[in-house]
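# Coordinate inspection notes
As a plain string of letters, each chain reads:
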Amino acid sequence: MRKNRKINELRKIEIIPNFSPNAEGSCLIKCGETHVLCNASVDENIPRWLKGQDRGWITAEYGMLPRSTLDRMNRESKIGKQSGRTQEIQRLIGRSLRSVTDLHKLKNYQVIIDCDVLQADGGTRTAAITGAFVALKLCINKLIEQKKIKSDPIIESLAAISCGVIENETYLDLDYSEDLGAEVDANFVITENEKLVEIQMTSEEKLCSEDNFQQMLTIAKVGIKQLIEIQKEILSK
């Protein structure tokens, strides 16, 4: 059982906007002891396969700093290749952001979101998606302000959260130790209007029942609503 928060309660969330002065959009998101720096950069060189289509693109890169975890990990650049996990997460971030963006309104601009994990205590991918949306929105605001695009291409807000089943109880926003001991764990990417963008779920020690899944989805929607309210409050300033 949790000691400092209820099983359906988020960790303490803090989003610091404009954290990186050189990026067109940025924020530092803190979800408990998981801290992720999200930077959005504008590139006028769109992918070759998009040439002539009169639309933009959003992509993401993700990485964990060597001492973001208890034991130092090697930089992937030293190994010479990205791990499958890294590739999967950065594709997830990119897909999630594109799902709520009208790419035709981005014209011929590419937005690259860099998500760097400074400190990891579970839920790094969900924190990255939630922070990346804020960085993207700040970047879009700047493009509109500079009259590089005419209107906001973002269709609706989006965030992500983890859930899990531990001893047949449904938990929201797992930290590392909870994720490690979960019988079932899942990541939900959901929009402001409760549309499902992506669900990643794994049964570790116990198969997930339909009831367990529905309970996770229900509390995930509650958590997403709270996260989007925090996003909106930050962006309104």
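Described below are features of the structure shown in this document. Just so you know, these numbers come straight off a predicted model, no measurement behind them.

## As for the sheet that holds strand β5 (residues 110-119)
The strand order across the open sheet formed by 5 strands is β1-β2-β3-β5-β4, and the pairing between neighbours is mixed. The open sheet has two edge strands, β1 (13-17) and β4 (57-64), and neither has a second partner. The average undirected angle you get between the axes of adjacent strands in this sheet is 15 degrees. Note: β1 against strand β2 (residues 25-31), 5 bridges, orientation antiparallel. For Pro17, the partnering residue across the bridge sits in β2 and is Cys27. Across the sheet, helix α2 (residues 84-99) is in contact with β4 and β5; its angle to β4 comes to roughly 145 degrees. Relative to the sheet, helix α3 (residues 124-145) contacts β1, β2, β3 (34-43), β4 and β5, its axis offset from that of β3 by approximately 35 degrees.

## Regarding the pairing of β2
Among the 7 residues in β2, 6 count as buried, and that is most of the element. Judged from the 7 bridges that link them, β2 and β3 form a sheet pairing that is antiparallel. When the sheet's bridge partners are listed, Ile29 is paired in β3 with Val36. Between β2 and β3, which follow one another and run antiparallel, lie 2 residues, and Gly32 among them has a positive phi close to 65 degrees.

## Some details on a positive patch on the surface
Where like charges cluster on the molecular surface, the positive patch consists of Arg67, Arg72, Arg75 and Lys78. Relative to the helices and strands, Lys78 resides in helix α1 (residues 76-79). Its relative accessible area of 66% is what places Lys78 among the exposed residues.

## A look at the packing of aromatic side chains
All told, the structure shown has 2 aromatic pairs when counted by the stated rule. Ring centres of Trp49 and Trp57 lie 4.8 Å apart, and the angle between their planes is 85 degrees; on these two criteria the pair is classed as edge-to-face. Its relative accessible area of 15% is what places Trp57 among the buried residues. Residues Phe188 and Phe213 carry aromatic rings whose centres are separated by 6.2 Å and whose planes lie at 40 degrees to one another, so their mutual orientation is tilted. Remark: Phe213 occurs in helix α5 (residues 210-236) and Phe188 occurs in strand β8 (residues 184-191); sequence separation between them is 25 residues. With a relative accessible area of 22%, Phe213 lands in the partly exposed category.

## As for α2
With 16 residues, α2 should reach 22 Å at 1.5 Å per residue; the first-to-last C-alpha distance of 22 Å fits that figure. Taken residue by residue, α2 has Thr86, Ile89, Gln90, Leu92, Ile93, Gly94, Ser96 and Leu97 as its buried positions.

## Observations concerning the sheet that holds strand β9 (residues 196-203)
Read across the open sheet, the 4 strands follow the order β7-β6-β8-β9; overall the sheet is antiparallel. For this open sheet the edge positions go to β7 (169-172) and β9, each flanked by a neighbour on one side alone. With strand direction ignored, the average angle separating the axes of adjacent strands in the sheet is 20 degrees. Seen against the sheet, α2 touches β6 (158-166), β8 and β9 and runs at an angle of roughly 150 degrees to β9. In the packing of α5 onto the sheet, contacts are made with β6, β7, β8 and β9, and the angle to β6 comes to roughly 145 degrees.

Conventions adopted
Residues numbered from 1 in each chain as written. Predicted model: local features only at pLDDT ≥ 70, side-chain atom pairs only at ≥ 80, totals over all residues. Heavy atoms only, no water. Pairing = 2+ DSSP bridges. Helix = DSSP H or I, 4+ residues; strand = E, 2+ residues; numbered from the N terminus. Axes fitted to C-alpha atoms, helices over the stretch in contact; angles between N-to-C directions. Contact = heavy atoms within 4.5 Å. Buried < 20%, exposed > 50% of the residue type's maximum accessible area, 1.4 Å probe, protein only. Patch = residues over 30% accessible without salt bridge, like charges linked within 9 Å, V, L, I, M, F, W, Y side chains within 5 Å. Areas by Shrake-Rupley, 256 points an atom, 1.4 Å probe, with all protein chains shown as cover. Salt bridge = Lys/Arg side-chain N within 4 Å of Asp/Glu carboxyl O. Lys, Arg positive; Asp, Glu negative; His and termini not counted. Charge placed at Lys NZ, Arg CZ, Asp CG, Glu CD. Phe/Tyr/Trp six-rings, centres within 6.5 Å; stacked < 30°, edge-to-face > 60°. Expected span 1.5 Å × (residues − 1).

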